[in-house]
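This is what each chain is made of:
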Amino acid sequence: MPPSSLRVVYAFAREMHPKTTDVFIQYGTAGFRTKASLLEHVVYRMGLLAVIRSRVKNGRTIGMMITASHNLEPDNGVKLVDPDGEMLEQSWEEIATRLANVSDNDLESTTAQVIKEVNADMALKASVYIGMDTRYTSPRLAAAAVHGVIALKGTPKEFGIVTTPMLHYCVKCRNDNTYGTPTEEGYYEKIVGAFKNIRQKLPVTGDYSTTLYVDGANGVGGKKLNIIRKSLDGELDLNLYNLGGNGGKLNLNCGADFVKVSQQPPVGVEHVAFQRVASLDGDGDRLVYYYLDDKNKMHLLDGDRIATLLASYITQLQTACNAPALTIGLVQTAYANGASTRYITQELKIPVTCVKTGVKHLHHAAMSYDIGIYFEANGHGTVVYSQQAKATISKIAEEGEPEERKAAQLFLNFIDMTNETVGDAISDLFLVETVLCARGQNATQWMAAYDDLPCRQLKVTVQDRNAISTTDAERQCTAPEGLQTRIDELVSHYTSGRAFVRPSGTEDVVRVYSEADTQENADKLAAEVAQAVFDLAGGVGTRAEIPA
Ligand code: NG1
Ligand code: ZN
C-alpha cells in the first residue's frame, strides 16, 4: 500500500472518530477500558492496528472485542485477540498505547511509523473479527472498529453481540479449522454437543441434581445460555435470572465480580436453601458458584474451587486412561486463597505456579504443562492441552484396553467441551456440571474439599498508582520505600495472615488483598494495609479504603 493511501486514516479520524480528549489511556490487563465516551477514537485506532497485526501474521485473522467485562454500564473497552485466540502479544501493548494517544494530526505519520517498525507487508490481505457485549455504547464503538479496519483496506467481519470467549473461539477456528467452525452455531455444536455426549455416558447419580440457577449479570452470557437452554433436552434444567429485562442493570449488584468481591448473593435471583447458583460476569468469561444455607449464609465456590474440582477430576481421568507420562500443573495468582494452594499441592499433589494478575500470564504458564489448568480466584480460567496430550489420549481411545478406551473417550469429550482459547463461563459451567454429575455431588459436598481462609479485597485511590511497584508475582512491593516493611509488620500480628498490594490494570486504583484466620481479622488487616498505602503512596481524598 503506497503511503499516500494512509491519508484516509487521517480523514476518517477527523471526520468520524476525532480524538476529543487529552486523557492518557493505557493498554492494560484487559486492553483499553474506561468511560465509553472517551473511547471512540481509541477503538477506531485499534481497528487500524488489528489490520497491521493481521498482515504481520501473514493475513491470519485478528479479533477485536468491545467490552468492559464486569465494569458498570457507563464504561466500555476494547481488546485485541491474536490468531490462536489468545491475548495480544505483550510487546504490542506499547504500540497500541502509542497509537491510541497521538493527536489526530500525528495519526497518519504514527501509523506509517508503526507499519515500518513491525515490518508489515501492506499488500497482504487482512481479516478482523469484531464482537461486542450488550452495552448501549457498544454498537457505536463496533462501527468505529469497522471504520479503522476499512481505512487500511482490511476485511472486517462483525459477529454482533457475543460473549468474549465466543469471539476468541471464532478467531482460533478461523485460523485453525481443526479446532471447530468459526460461528456462534459452531461454538454451540462443539461445546454443548460435547456436554450432551458426556451426559449419554454418565448417568445422573447420587446427590447431584440437574437443576441449576444462573445469575446472568444482565449481560450477554445469560442471553446465550437462554439459547442453549432450549437444546439441552432436560440434561440440565437451567433457571435463568438477570437476563437484562425488567430494568436490571448490567453488573449492578449482580454477576460474578459482585458476588466474589462483596461476598454477597446477587439481587434478582430467587433464593432456595442449598440450591447451587452459577454467577457469570457481564461478558461471559468469568464464573463463580454459590449457595445459601438454611440460615441464609452465603457459601462461595470461586475460581480456586473450580480449578481444584477440575484438576482433581482430570487427574482421575488421566489415571483411568493410563497416561501417567502427561504432566499436569495448575496456575494461580496471588489472589488465590491460601487454603486452595495448600489443598492442591498437599492433597492433590499437583504442582502450582503463581504468576502476575492477567490472563495472558496464566495462559502462558499453563502451556508449559501437557495439561495446564489456570484460574484466577475471580472465576476466570480454563484448561489447555498440548498436542502431545491430545495425541496420547486419542491413541488410547482407539487402541487402549477396554476400560482405558472408555475413559479416554470421555476425556476427549471433556477436552471438546473446553474453550482452550480463554476463560469461558459457559464452557466452565458445563465442565463443572459434568464433574459434579460424575461424582454425584451437590454444592455442599463440593464445598467440603477444604475450608477457605477468610479474605478481603479493598481499593485505595492514590495520585499515581504506578508509584507502586511489585515483584515475586506481585506478592512483594518494591516501591514506595517502606511500604513492604509496613505490610510485613501488620501481617505479623495475625494468625495465617497474608496481604499484598498492586496497582490495578483496569481501574485507576491500588488493590489491597488480605487473608487471616477470621473474617474480622481479614477485614481489619485489609483496612490497616489500605491505610498504609494511603499514607505512603499518596492517598487521595479523606478515606483510605473503599470496598473493592
Ligand atoms: P485488575 O484491575 O488489574 O486487578 C482485574 C482482575 C484481573 C483480571 C482483569 C481483567 C482481580 C483482582 N483483578 O484486573 O484478575 O481479570 O480485571 O478483567 O480480580
Ligand atoms: Zn469478563
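Provided above is the structure to which this section pertains.
Okay, so let's go over this structure. On a predicted model such as this, the values are computed, not experimentally measured, just so you know.

Now for the coordination of the zinc ion (ligand 2). The protein atoms donating to the zinc ion (ligand 2) are Ser-69 (OG), Asp-281 (OD), Asp-283 (OD) and Asp-285 (OD), with metal-donor distances spanning 2.0 to 2.1 Å. By relative accessible area, Asp-285 is classed as buried at 3%.

Let's shift gears to the site of ligand 1. In the vicinity of ligand 1, 15 residues are found, and the nearest of them are Glu-376, Ser-504, Gly-505, Thr-506 and Arg-511. Between ligand 1 and Ser-504 there is a distance of 2.5 Å, counted from an oxygen atom to a side-chain nitrogen or oxygen. Protein contact buries 93% of the 430 Å² of open area that ligand 1 shows by itself. Looking at side-chain class alone, the shell around ligand 1 contains two nonpolar, eight polar and five charged residues.

Turning to the environment of Gly-248, a few remarks are in order. Relative to the helices and strands, Gly-248 is located in the loop between β7 (237–241) and α9 (255–262). Put simply, Gly-248 and Asn-218 are 30 residues apart on the chain and 6.2 Å apart in space, counted from C-alpha to C-alpha.

Under the definition given, this model contains 32 salt bridges. Between Arg-60 and Asp-84 there is a salt bridge, with its nearest N and O atoms 3.5 Å apart. Within this pair, whereas Arg-60 is found in the loop between α2 (40–56) and β2 (62–66), its partner Asp-84 is found in the loop between β3 (75–81) and α3 (93–101), the two being separated by 24 residues in sequence. Among the charged side chains, a salt-bridge network with shared partners connects Arg-60, Asp-84, Lys-172 and Asp-176.

Let us look at the side chain of Glu-93. Counting through the fold element by element, Glu-93 comes out in helix α3. Of the residues examined, Glu-93 reaches a relative accessible area of 12% and is grouped as buried. Engagement of the side chain of Glu-93 in a polar contact is seen with the side chain of Lys-360, the distance being 2.6 Å. Not counting the four nearest positions on each side in its chain, Glu-93 is found in contact with Tyr-27, Leu-88 and Lys-360.

Before going further, it helps to spend a moment on the packing of aromatic side chains. Here a ring pair, both rings aromatic, is described through the centre-centre distance and the interplanar angle of the planes. Applying the stated criterion across every chain yields a total of 15 aromatic pairs. Here the aromatic rings of Phe-195 and Phe-430 are separated by 4.6 Å at their centres, their planes lie at 40°, and the arrangement is tilted. Within this pair, whereas Phe-195 is found in helix α7 (residues 184–201), its partner Phe-430 is found in helix α15 (residues 425–439), the two being separated by 235 residues in sequence. Look at Tyr-343 and Tyr-450: their rings are 5.2 Å apart centre to centre, the planes differ by 35°, and that puts the pair in the tilted class.

With that settled, consider unusual backbone geometry. Between Ala-479 and the following residue, Pro-480, the backbone shows a cis peptide bond with an omega angle of -5°. Positive phi values are uncommon outside glycine, yet Asn-246 reaches one of about 50°. With a relative accessible area of 88%, Asn-246 lands in the exposed category. Positive phi values are uncommon outside glycine, yet Lys-349 reaches one of about 60°. Taking the relative accessible area as the measure of exposure, Lys-349 reaches 64% and is therefore exposed.

On to the packing of α7 against α15. Look at α7 against α15: their axes get within 10 Å of each other, and the N-to-C directions meet at 5°. Put simply, α7 runs roughly parallel to α15. Facing α7, whose interface residues are Tyr-187, Ile-191, Val-192, Phe-195, Ile-198 and Arg-199, α15 presents Ile-426, Ser-427, Phe-430, Glu-433, Thr-434 and Cys-437. The residue inventory of the contact of α7 with α15, partitioned by class, reads eight nonpolar, two polar and two charged.

Rules of the game
Residues numbered from 1 in each chain as written. Chains lettered and ligands numbered in written order. Predicted model: local features only at pLDDT ≥ 70, side-chain atom pairs only at ≥ 80, totals over all residues. Heavy atoms only, no water. Donors = N, O, S within 2.8 Å, 3.2 Å for Na, K, Ca; no water. Buried < 20%, exposed > 50% of the residue type's maximum accessible area, 1.4 Å probe, protein only. Near = heavy atom within 4 Å. Polar contact = N/O pair within 3.5 Å; in protein donor to acceptor, adjacent residues only side chain to side chain. Areas by Shrake-Rupley, 256 points an atom, 1.4 Å probe, with all protein chains shown as cover. Nonpolar A, V, L, I, M, F, W, Y, C, P; charged D, E, K, R; others polar. Helix = DSSP H or I, 4+ residues; strand = E, 2+ residues; numbered from the N terminus. Salt bridge = Lys/Arg side-chain N within 4 Å of Asp/Glu carboxyl O. Contact = heavy atoms within 4.5 Å. Phe/Tyr/Trp six-rings, centres within 6.5 Å; stacked < 30°, edge-to-face > 60°. Axes fitted to C-alpha atoms, helices over the stretch in contact; angles between N-to-C directions. Parallel < 35°, antiparallel > 145°, perpendicular 65-115°, else oblique.

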